[in-house]
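Coordinate analysis (summary)
One-letter residues, chain by chain:
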Amino acid sequence: MSAPTQRPKVTAHEARQTAEAARERDWHKPSFAKELFLGRFRLDLIHPHPLPDHEDARRGEAFLANLRAFCETRIDGARIEREARIPDETITGLKELGALGMKIDRKYGGLGLTQLYYNRALALVGSASPAVGALLSAHQSIGVPQPLKLFGTQEQKDAFLPRLARTDLSAFLLTEPDVGSDPARLATTAVPDGDAYVLDGVKLWTTNGVVADLLVVMARVPRSDGHPGGITAFVVEADSPGITVEHRNAFMGLRGLENGVTRFHRVRVPAENRIGPEGAGLKIALTTLNTGRLSLPAACAGAGKWCLRIAREWAGVREQWGGPVARHEAVGTKISFIAATTFALEAVVDLASQMADEDRNDIRIEAALAKLYGSEMAWLIADELVQIRGGRGYETADSLAARGERAVPAEQLLRDLRINRIFEGSTEIMHLLIAREAVDAHLSVAGDLIDPGKSLADKAKAGARAGGFYARWLPGLVTGPGQRPGSYAEFGRLAGHLRYVERTSRKLARSTFYAMSRWQGRMELKQAFLGRIVDIGAELFAMSAACVRAELLRTTGDHGREAQQLADVFCHQARLRIEELFGRLWSNTDDLDRRVVDGVLAGRYTWLEAGIVDPSGDGPWIADATPGPATSENVHRKLP
């Protein structure tokens, strides 16, 4: 039996330092969401709603028309679900269509679509097959093209982007069998050797890794003379000697996902394939995700649209107790939730996407909120659709078709959407990431006051800075436009909701300040509290986006009345959720929960587990990932 993997010994403090070093520290541009968490409702940053350039819109709409025809005629979602694989001819067709290069500049052979139209394309493809949507998203949102666009040299762009635009698929490799959201423990190494690096290690959950031609790999470079070391990003040819795809993973959903386990054994990578300097890998990854995360909520918005269509058609024809089930309030409230929330999800994605295209604002928090909110709400939407469909919602599409009914894959969508709450940052990690950004202004001026490693002199300086900041900031939380009845009158029936957002953002900022004053350095341990703070901010952001989008549609005459109605209902629903979250900030079971967890881990409740059998079988919780040569067949699938 092989020896256990040797991983870096990392303390909690060191892990936090690694994550902190990878953060983008400076704010060179304004941020609507950052201001929202500080109690400053900067409506001017999102209203009037930004719009795409006419030529960008023309090219985007033309591509969407071609893509729609492709989805309707050449993507067989049911076949992909049955065979757990995207057919070669489908991928070939996507290449011919130019879909691999949607986000790649036209000078490299790509389509050069804006973020807005790229996300609309992903929503469209994802409605035909979520697995195909995931393939394209993993290739362009977090795969090789985006890091090269942001950090690559001109030589790297010239060498790789034309391939990635038309013929080559890419994958992003960060996660390892024992490393998820704690990259400080990354064990894959890249040892300098002359004009190259030698990679050794194992990567897990490599979406597209089973079929990819090019990989972006995160590996740890040891510190040595001339090498500062640290986690570093590399472009790696997938057919390099020493690379083995050891296993194709199977999941509860996204059955066509080409996701695997990839082993690197003495893989030589030319030094010119390194992206950015040594030690910049995590910063590159996080910066890539700033906009890359928007692809996931785009797919969630698309899923909401499909759920609304099925709910409308089904609930209108299914009769029980003398009328369509849609007319029964118990079902009608679910349909209202699906419609209103889908409107808000699309509003959030389109607003964040257009803000990314304009590049006037820093949208790192907005993109993270869109990912968090989209993944959580789309899951609830799909769950409600299954409930509306009843037994047919739980039945597979193939089974429905076999007995002569419409093949509605409601249960498949529920399975497919479940992963969105986990990958590209789980909900729990997104809460912490957003919370860290939300309190950045406080830590910038007062962080040294609660840092036990700082000297008395440092604390004194921090106290002076904090005094000046809070003397200016705190008075602004007392009153604002949200308390004046005439504020935001141009929004008509939605003005009251915007006044609520303004008032509530100040209340949220006061709650955060009070918590920091109360818990100080222990604040980072209050993860449940921070999660509720972030969820309130997410609801406020969604309300703002919904109102701004409804106003845009009203002024353009495009379903304006209906849009206002949907935004109004959504805001009323969101306000109820917000008030519940505020109540749970200070009245909750967090302390009791911690005591129960201590008891569970200490084995005091094992008696509660009696009376069952465990079908899990034997085996380690985490597979051994000791570096070395492959001992299994290479299941890498070479595409035509």
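Let me begin by describing the structure that accompanies this report.

Conventions we followed
Residues numbered from 1 in each chain as written. Predicted model: local features only at pLDDT ≥ 70, side-chain atom pairs only at ≥ 80, totals over all residues. Heavy atoms only, no water. Helix = DSSP H or I, 4+ residues; strand = E, 2+ residues; numbered from the N terminus. Rg over C-alpha atoms; globule rule 2.2 N^0.38 Å. Buried < 20%, exposed > 50% of the residue type's maximum accessible area, 1.4 Å probe, protein only. Contact = heavy atoms within 4.5 Å. Phe/Tyr/Trp six-rings, centres within 6.5 Å; stacked < 30°, edge-to-face > 60°. Lys NZ or Arg CZ within 6 Å of the ring centre and 35° of its normal. Core = buried A, V, L, I, M, F, W, Y, C linked by side-chain atoms within 4.5 Å. Axes fitted to C-alpha atoms, helices over the stretch in contact; angles between N-to-C directions. Parallel < 35°, antiparallel > 145°, perpendicular 65-115°, else oblique. Nonpolar A, V, L, I, M, F, W, Y, C, P; charged D, E, K, R; others polar. Expected span 1.5 Å × (residues − 1). Bend = angle between axes of the 7 residues up to and from the residue. Salt bridge = Lys/Arg side-chain N within 4 Å of Asp/Glu carboxyl O. Patch = residues over 30% accessible without salt bridge, like charges linked within 9 Å, V, L, I, M, F, W, Y side chains within 5 Å. Areas by Shrake-Rupley, 256 points an atom, 1.4 Å probe, with all protein chains shown as cover. Pairing = 2+ DSSP bridges. Polar contact = N/O pair within 3.5 Å; in protein donor to acceptor, adjacent residues only side chain to side chain. Disulfide = S-S within 2.5 Å.

Moving on, we come to the overall build of the protein chain. Of regular secondary structure, the protein chain possesses 23 helices and ten strands. In terms of overall dimensions, the protein chain is globule-like: its C-alpha atoms have a radius of gyration of 25 Å, near the 26 Å expected for 640 residues. Taken along the three principal axes of its C-alpha coordinates, the protein chain extends 75 × 70 × 65 Å. Counting over 640 residues, the protein chain shows a buried share of 54%. The long-range share in the protein chain, meaning contacts at least 24 apart out of those at least 6 apart in sequence, stands at 76%.

Now for the packing of aromatic side chains. To describe a pair of aromatic rings, one takes the distance between the centres and the angle between the planes. Tallying each qualifying case throughout the model produces 13 aromatic pairs. An angle of 65 degrees between the planes, with centres 6.0 Å apart, marks the rings of Phe32 and Phe41 as edge-to-face. Neither Phe32 nor Phe41 differs from the other in exposure class; each is buried. Consider the rings of Tyr514 and Trp586, whose centres lie 5.1 Å apart with planes at 70 degrees: the pair is edge-to-face. Here Tyr514 is found in helix H20 (residues 495-519), whereas its partner Trp586 is found in helix H22 (residues 560-586), with 72 residues between them in sequence. Residue classification places Trp586 among the partly exposed positions, given a relative accessible area of 37%. Grouping aromatic residues by their ring pairs yields a cluster made of Phe32, Phe41, Tyr488 and Phe541. Residue placement shows Arg364 over the ring face of Trp27; its charged tip is 3.7 Å from the ring centre.

As a further point, take the nonpolar core. Core analysis: the largest hydrophobic core is formed by 96 residues, its most contacted members being Leu369, Leu540, Met543 and Phe570. Not counting residues within four places of it along the chain, the set of residues in contact with Met543 comprises His497, Tyr500, Val501, Phe570, Cys571, Ala574, Arg575 and Ile578. In terms of nonpolar packing, the next biggest core, distinct from the first, is built from 32 residues, Leu64, Leu135, Val211 and Val245 among them.

Time to look at the packing of helix H12 (residues 329-358) against H22. Helix-helix packing is described using two parameters, namely the angle between the two axes and the distance between the axes. Between H12 and H22, the least distance of the axes is 8 Å, while the angle of their chain directions is 100 degrees. In terms of axis orientation, H12 runs roughly perpendicular to H22. Taken together, the residues of H22 that come into contact with H12 (itself represented by Ser336, Phe337, Ala339, Ala340, Thr341, Phe343 and Ala344) are Ala563, Leu566, Ala567, Val569, Phe570, Gln573 and Arg577. Its residues placed into classes, the contact of H12 with H22 shows ten nonpolar, three polar and one charged.

A few words on helix H9 (residues 154-166). Each α-helix winds once per 3.6 residues, and so residues spaced three or four apart point in a common direction. With 13 residues, H9 extends 19 Å between its outermost C-alpha atoms, agreeing within 8% with the 18 Å of an ideal straight helix rising 1.5 Å per residue. Along H9, the sharpest kink reaches roughly 35 degrees, centred on Phe160 and followed within four residues by the proline Pro162. Along H9, the positions that sit buried rather than exposed are Gln156, Lys157, Phe160, Leu161, Leu164 and Ala165. Buried positions along H9 lie against helix H7 (130-140), helix H8 (145-151), strand E1 (170-173), strand E4 (214-221), strand E5 (230-237) and strand E8 (274-275).

Right, let's talk about the environment of Val597 for a bit. Checked against the element boundaries, Val597 lands in helix H23 (residues 590-602). Separated by 124 residues in sequence, Val597 and Trp473 have C-alpha atoms that sit 39 Å apart.

Our focus in this paragraph is the pattern of salt bridges. Here the structure, examined in full by the defined rule, presents 46 salt bridges. Of the charged contacts, one joins Arg42 and Asp44 as a salt bridge, the two residues approaching to 2.8 Å between their closest N and O atoms. Here Asp44 falls in the partly exposed class, since its relative accessible area comes to 48%. Here Glu346 makes a salt bridge to Arg549, at a shortest N to O gap of 3.5 Å. In this pair, Glu346 sits in helix H12 while Arg549 sits in helix H21 (residues 527-556), placing the two residues 203 residues apart along the sequence.

On the surface, Val596, Val597, Val600 and Leu601 cluster together to form a nonpolar patch covering roughly 380 Å² of accessible area. Taking relative accessible area as the criterion, Leu601 reaches 71% and is therefore assigned exposed.

Take the pairing of strand E2 (residues 189-193) next. Two elements, E2 and strand E3 (residues 196-207), share five bridges in a ladder whose sense is antiparallel. What sits directly across from Ala190, in E3, is Leu199. Linking E2 to E3, which pair antiparallel, is a turn of two residues; within it Gly194 sits at a positive phi near 65 degrees.

Let's shift gears to the environment of Lys334. Relative to the elements of secondary structure, Lys334 occurs in helix H12. Once residues within four sequence positions are removed from consideration, Lys334 is found in contact with Glu384, Gln387 and Ile388. Separated by 3.0 Å, the side chains of Lys334 and Glu384 make a polar contact.

Okay, the side chain of Thr90 next. You can see Thr90 is positioned in helix H5 (residues 88-97). Residue Thr90 is classed as buried on the basis of its relative accessible area, which comes to 3%. For Thr90, the contacting residues outside a window of four places in its chain are Phe70, Arg74 and Ile75.

Right, let's get into unusual backbone geometry. Cis rather than trans, the peptide bond between His47 and Pro48 has omega equal to 0 degrees. Even without a glycine there, the phi angle at Asp359 is positive, about 60 degrees. Its location among the elements puts Asp359 in the loop between H12 and helix H13 (364-389). Taking relative accessible area as the criterion, Asp359 reaches 47% and is therefore assigned partly exposed. With a phi close to 60 degrees, Glu424 is a non-glycine residue in the positive phi region.

Across all of its chains, the model carries zero disulfides by this definition. Not part of a disulfide, Cys71 finds its nearest cysteine sulfur in Cys300, a span of 17 Å. Judged by its relative accessible area of 8%, Cys71 is buried. The thiol sulfur of Cys307 is not disulfide-bonded, and the nearest other cysteine sulfur, from Cys300, lies at 10 Å.

Any functional reading would require information that these geometric values do not contain.
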